[in-house]
Amino acid sequence: MSEKTKGRSKTDGGAVVIKKYANRRLYNTATSSYVTLDFLAEMVKEGEDFVVYDAKSGEDITRSVLTQIIFEEESKGQNLLPIQFLRQLIKFYGDSLQTFVPSYLEMSMDAFSRNQEEMRSRMRDAFGGAPGYAMFDESVRKNMELYEQAMKMFSPLGPSYTPPKAAPAAAASEESDADINALKSQVAALQRKLDKLQSDDE
């Protein structure tokens, strides 16, 4: 363990320090006890921040542990990630736009989280019915605006740079249709999940 994290139970920002040992056991330094991935998942849901370090090297492995938590949740059948979304995400690895994807996804999830109470309220007020597509049209529109802002922010030509519009062409039209169809598929998948959530609550 590096001297930077040795003997510390929390970071300067107040995050709980978790150490992962070679036997894959996770040790909560704040409570001096071993914990599981399910325990860390509950910490996330309760809004308690933590960082995970490799006990031997001191390397920050928080990202890989969080990814492992998502994998475990998905394997339990609690699927949040549509197949089409996963395919599109994989395509961005090594793509020239790869550096923009994390910021876009983070802003999109932040916006979705801020609006979740409003969405729950609409569901409760829908007389037991699941909300329609109109709600998601606005959400998608806001996400696209955030993406455009992110593109301008990280553009090497500066925030004021506006990407030129591509000339109309058959290939561009086909790509646009594919994007629209993919978006419709994602919205439909989200609709089905909301329908299931509604039926479970009844």
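The structure we're discussing is the one just above.
Quick notes on the rules
Residues numbered from 1 in each chain as written. Predicted model: local features only at pLDDT ≥ 70, side-chain atom pairs only at ≥ 80, totals over all residues. Heavy atoms only, no water. Helix = DSSP H or I, 4+ residues; strand = E, 2+ residues; numbered from the N terminus. Buried < 20%, exposed > 50% of the residue type's maximum accessible area, 1.4 Å probe, protein only. Contact = heavy atoms within 4.5 Å. Areas by Shrake-Rupley, 256 points an atom, 1.4 Å probe, with all protein chains shown as cover. Pairing = 2+ DSSP bridges. Axes fitted to C-alpha atoms, helices over the stretch in contact; angles between N-to-C directions. Core = buried A, V, L, I, M, F, W, Y, C linked by side-chain atoms within 4.5 Å. Phe/Tyr/Trp six-rings, centres within 6.5 Å; stacked < 30°, edge-to-face > 60°. Parallel < 35°, antiparallel > 145°, perpendicular 65-115°, else oblique. Salt bridge = Lys/Arg side-chain N within 4 Å of Asp/Glu carboxyl O.

A. Seen up close, the overall build of the chain. Scanning the chain for helices and strands turns up seven helices and four strands. If you list the helices and strands of the chain from N to C, you get β-β-β-α-β-α-α-α-α-α-α. Burial analysis of the chain (202 residues in total) assigns 24% to the buried set. Counting contacts in the chain only where the partners sit at least 6 residues apart, residues at least 24 apart contribute 52% of the total. When the accessible surface of the chain is totalled, it reaches about 14,500 Å², and 55% of it is carbon and sulfur.

B. Highlighting unusual backbone geometry. In this model, Arg24 sits at a positive phi of 70°, which is unusual for a non-glycine residue. The topology assignment puts Arg24 in the loop between β1 (16–20) and β2 (26–28). The exposure class of Arg24 is exposed, given its relative accessible area of 71%. Of note in the backbone geometry, Ser32 takes a positive phi value of approximately 55° without being a glycine. Its place among the elements puts Ser32 in the loop between β2 and β3 (33–35). A residue is classified by how much of its surface remains accessible, and Ser32, at 52% relative accessible area, is exposed.

C. Up close: the sheet that holds strand β4 (residues 50–54). Taken in spatial order, the four strands line up as β3-β2-β1-β4 in an open sheet, and their pairing is mixed. At either margin of the open sheet sits one strand with a lone partner, and together these are β3 and β4. Averaged over all adjacent pairs, the angle separating strand axes in this sheet is 35°, with direction ignored. In the sheet, β2 pairs with β3 via three bridges, with the strands oriented antiparallel. Looking at the pairing, Tyr27 lines up with Tyr34 of β3. In the packing of helix α2 (residues 62–75) onto the sheet, the strands contacted are β1 and β4, and the crossing angle to β4 comes to about 110°.

D. Geometry of the nonpolar core. Counting residues in each nonpolar core, the largest one holds 13 residues, and the members touching the most others are Ile18, Leu26, Leu40, Phe50, Val52 and Val65. When residues of this core are traced back to their parent elements, those giving at least two are β1, α1 (37–45), β4 and α2. With four residues, α1 is the largest single contributor of residues to this core.

E. View of the packing of aromatic side chains. Under the definition given, this model contains one aromatic pair. Between Tyr27 and Tyr34 the ring centres are 5.1 Å apart and the planes differ by 65°, which places this aromatic pair in the edge-to-face class. By relative accessible area, Tyr34 is classed as partly exposed at 44%.

F. Local environment of the packing of α1 against α2. Put simply, α1 and α2 touch, their axes get as near as 10 Å, and they point 100° apart. The angle between α1 and α2 falls in the class roughly perpendicular. Across the interface between the two elements, Leu37, Asp38, Leu40, Ala41 and Val44 of α1 pack against Val65, Leu66, Gln68, Ile69, Glu72 and Glu73 of α2.

G. Structural context of the pattern of salt bridges. The final tally for this structure, using the stated rule, is three salt bridges. Among the ionic pairs, Lys45 bridges to Glu42, the shortest N-O distance being 3.8 Å. Of the two residues, Lys45 and Glu42 are both situated in helix α1; the distance of three residues between them amounts to about one turn of the helix. Judged by its relative accessible area of 59%, Lys45 falls in the exposed class.

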